[in-house]
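Chain residues, written in single-letter form:
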Amino acid sequence: MAHQADAKKSLDERGYTGALIHGDNPLKLFEKAVRDRIVDSYYWKEQCFGLNAATLLDRALELTFIGGTYGVAQKPTPFLCLAFKLLQLVPEREIIQYYLEQAGEEYKYLRALAAFYVRLAWEKDEDVYTTLEPYLSDSRKLKRRVREGWALTHVDDFVDELLVKNRVCATTLPKINPRVFLEDEDRLEPRVSALGDELEELDQEEEELEVDSGSEGEVEELPHGRANGIARTGSDGEVVSDEEMDGD
Amino acid sequence: MADRKAGAYGAAGGDTAFRRTWDRDEYAAKAADREQKVKEEGKARYEAAAAGKKYIPRASTPPDARDTEARNARLNVADLVGKQTIVVAGAGQGKRGKSAGFYCDACDLTYKDNLQFVEHLNSKQHLVATGESGEVRRATLEDVKERFEYLKRKREDEKSREVVDLTARIEVAVEVEEREREVRRRKRNEKRRKTKDGAGVQEIKVENDGVIC
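Calculation rules
Within any chain, residue numbers begin from 1 and follow the written order of that chain's sequence. Naming scheme: in the order in which they are written, chains are lettered from A and ligands are numbered from 1. The predicted nature of this model means local features are confined to residues of pLDDT at least 70 and side-chain atom pairs, given and counted, to a pLDDT of 80 or more, with totals for whole chains, interfaces and linings taken over all residues. Values reported for side chains reflect all heavy atoms of the structure, with hydrogen atoms and water molecules removed beforehand. Runs of E in the DSSP output that reach at least two residues are strands. Runs of H or I that reach at least four are helices, and both are numbered from the N terminus. Working definition: with a 1.4 Å probe on protein chains only, accessible area under 20% of the residue-type maximum means buried, over 50% means exposed, and in between means partly exposed. Note on contacts: a residue pair is in contact if any heavy atoms of the two residues lie within 4.5 Å. A 1.4 Å probe and the Shrake-Rupley method give the accessible areas. Residues count as covered only by the protein chains that appear here. Both site types are read off a 1 Å grid over the protein atoms alone. A 1.4 Å probe that fits but cannot get out defines a cavity, while an open set with protein on both sides within 12 Å along at least five of seven lines defines a pocket; lining residues have an atom within 4 Å of a point. Grid points are joined across faces, edges and corners, and a volume is the space filled by probe spheres set on the points. Put simply, Ala, Val, Leu, Ile, Met, Phe, Trp, Tyr, Cys and Pro go in the nonpolar bin, Asp, Glu, Lys and Arg in the charged bin, and everything else, Gly too, in the polar bin. The term salt bridge refers to a side-chain nitrogen of Lys or Arg lying within 4 Å of a carboxyl oxygen of Asp or Glu. The residues that make up patches have over 30% relative accessible area and no salt bridge, and they are joined within 9 Å when like-charged or within 5 Å when they are Val, Leu, Ile, Met, Phe, Trp or Tyr. For the purpose of counting charges, residues Lys and Arg are taken to be positive, whereas Asp and Glu are taken to be negative. His and the chain ends are not included. To locate a charge, take NZ of a lysine, CZ of an arginine, CG of an aspartate or CD of a glutamate. By this definition, two strands are paired if DSSP reports at least two bridges between them. Take the residue count of a helix, subtract one, and multiply by 1.5 Å to get its expected span.

The name recorded for chain B in an unreviewed UniProt entry is C2H2-type domain-containing protein, from Oleoguttula mirabilis.

Pasting the structure below:
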């Protein structure tokens, strides 16, 4: 079993025979403009030619930033080119899971790449959620290339973006049902947050704050003009206002 | 097409050594090969027709075609920056023959641009010339795991081999600086010599040294 070294045949839209994702050529998950930029880029031509799922690791381990396209000419990042290559290769599930779990444990950019692929290519919503949610507790930093310059993000930030946003890294992500919908349909269990008990405590404080302001019968003006009403707690659990905390 | 070295009226002809000459024997052999292929194809068609089947002409991949693999190292393109090459007078027009720029040995073609060069290296023409099929072996989970372990080990080895000693690093850095200063001095002197008449030499700086990446 072999696949072609370059993507010309799969890019040619006539008579595509091969794995289908969401009912269509996997390469079509990227828009035409982005596809053209990738295929014309030097990185794709030099480094992404003749890769298979194993040699792709060579390139993926050398990644130092994530991103979509940048600059005036919409230059694609190596991250995007490798994601495109993964879409061309359509590796087996186990290989992607290996990228995410074991190999990604040590190389965070590989994990980001695999997560991006999972979100794009896997068709069952439940699988996407259950596979990506464990990484919402991975707080390693990622460097991100944005249109003009750089930004800082984290692995869990990135995974959250993938699950919530519409457009990430120059691609429109395929539609998935929101988690609430899946929980209602009983296809998924309600989410257990990694924050666990801390979340409950936070919720309790919010309730207490509401109760306090309700009994006074006035609308309090919060110090420093802050819009949200969350006050911080001191170590003894009492609700302390901001002014007192500033003395620390 | 007899001997053209002598002129028509016995005048001395010029030197025509740089013109292309045709190797008759080689082309005779090629023609014989082709005739044989046509005969064989004709036979195959005849047999297929006799058996009532349709003859499908298949271009045969040479049996020893290797699987295409990914590049091991980056193309060394930055070396050619600022280099001055002497080109043979009879270098072919266009891409054929060795000329200034990036030269591909297997196909005898020159490219003016590293982007075009890389495109050529990926093309069918070049793959056939180097005896590679355009197909890549599909990797299994085992392959992936092996490769990962190998790469991890390689990276760790490289890291451990890095010189951590501060004094050694300072020495190395000082040496590198000295070399760079010398090179700069030489270049400055050359420029000054060239422009004795007072007109400055315009340095044209291209983005990223003209290398496309």
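A.B. asks: Just to check I follow, could you spell out the overall build of chain B for this structure?
C.D. replies: Of regular secondary structure, chain B possesses five helices and three strands. Put simply, chain B has 213 residues, and 17% of those count as buried. Expressed as a percentage of contacts within chain B between residues at least 6 apart in sequence, the contacts between residues at least 24 apart total 33%. Surface summary for chain B: the accessible area is close to 18400 Å², and the carbon and sulfur share equals 50%.

A.B. asks: What's the story with empty space enclosed by the protein in this structure? I'm lost.
C.D. replies: Rolling a probe over the atoms, with the probe sized like a water molecule, indicates the empty space that remains. As enumerated under the stated definition, the model contains two cavities of 30 Å³ or more in all. Lining the second largest cavity, in full, are A:His3, A:Asn52, A:Ala53, A:Leu89, A:Pro91, A:Glu92, A:Ile95, B:Arg138 and B:Ala139. Class assignment for the residues of the lining of the second largest cavity results in five nonpolar, two polar and two charged.

A.B. asks: Please clarify how the pattern of salt bridges should be interpreted in this entry.
C.D. replies: Opposite charge on two side chains allows them to pair when their charged atoms are near. Scanning the model with the defined rule gives 22 salt bridges over all chains in all. Taking the shortest distance from any N to any O, the salt bridge between A:Arg144 and A:Glu161 comes out at 3.2 Å. Of this pair, A:Arg144 sits in strand β5 (residues 141-146) while A:Glu161 sits in helix α9 (residues 155-164), placing them 17 residues apart in sequence. In terms of burial, A:Arg144 and A:Glu161 fall into one category: buried. A salt bridge links B:Asp143 to B:Arg137; its shortest N-O distance comes to 3.3 Å. On the basis of relative accessible area, B:Arg137 is assigned to the partly exposed category, the value being 45%. Here the residues in one salt-bridge network are A:Glu105, A:Arg111, A:Asp138 and A:Arg140, joined through shared partners.

A.B. asks: Can you help me understand a negative patch on the surface in this one?
C.D. replies: On the surface, a cluster of negative charge is contributed by A:Asp197, A:Glu198, A:Glu200, A:Glu201, A:Asp203, A:Glu206, A:Glu207, A:Glu208 and A:Glu210. The partly exposed category is assigned to A:Glu201, whose relative accessible area is 48%.

A.B. asks: Where do I start with a nonpolar patch on the surface in this structure?
C.D. replies: All names here are of chain A. On the surface, a nonpolar cluster with roughly 240 Å² of combined accessible area is contributed by Leu 195, Leu 199 and Leu 202. With respect to the helices and strands, Leu 202 occurs in helix α11 (residues 197-216). Using a relative accessible area of 41% as the deciding quantity, one classes Leu 202 as partly exposed.

A.B. asks: Help me understand the sheet that holds strand β6 (residues 149-154) of chain A in this model?
C.D. replies: Whether parallel or antiparallel, the strands of a sheet pair through hydrogen bonds between backbone atoms. Residue and element names in this part refer to chain A. A sheet is described by the order of its strands in space; here three strands give the open sequence β2-β5-β6, paired in mixed fashion. The sheet is open, and its two borders are formed by β2 (66-67) and β6, each paired with just one other strand. As defined by bridge partners, β2 adjoins β5 across two bridges and the pair is classed as parallel. In the strand pairing of β5, Ile 66 is matched with Arg 144.

A.B. asks: How should I be thinking about helix α1 (residues 24-50) of chain B in this particular structure?
C.D. replies: Given 3.6 residues to a turn, an α-helix orients residues that are three or four positions apart in the same direction. With 27 residues, α1(B) should cover 39 Å at 1.5 Å per step; its first-to-last C-alpha distance of 39 Å lies within 8% of that length. Looking one or two places after α1(B), you find B:Gly52, whose phi comes out positive at around 80°.

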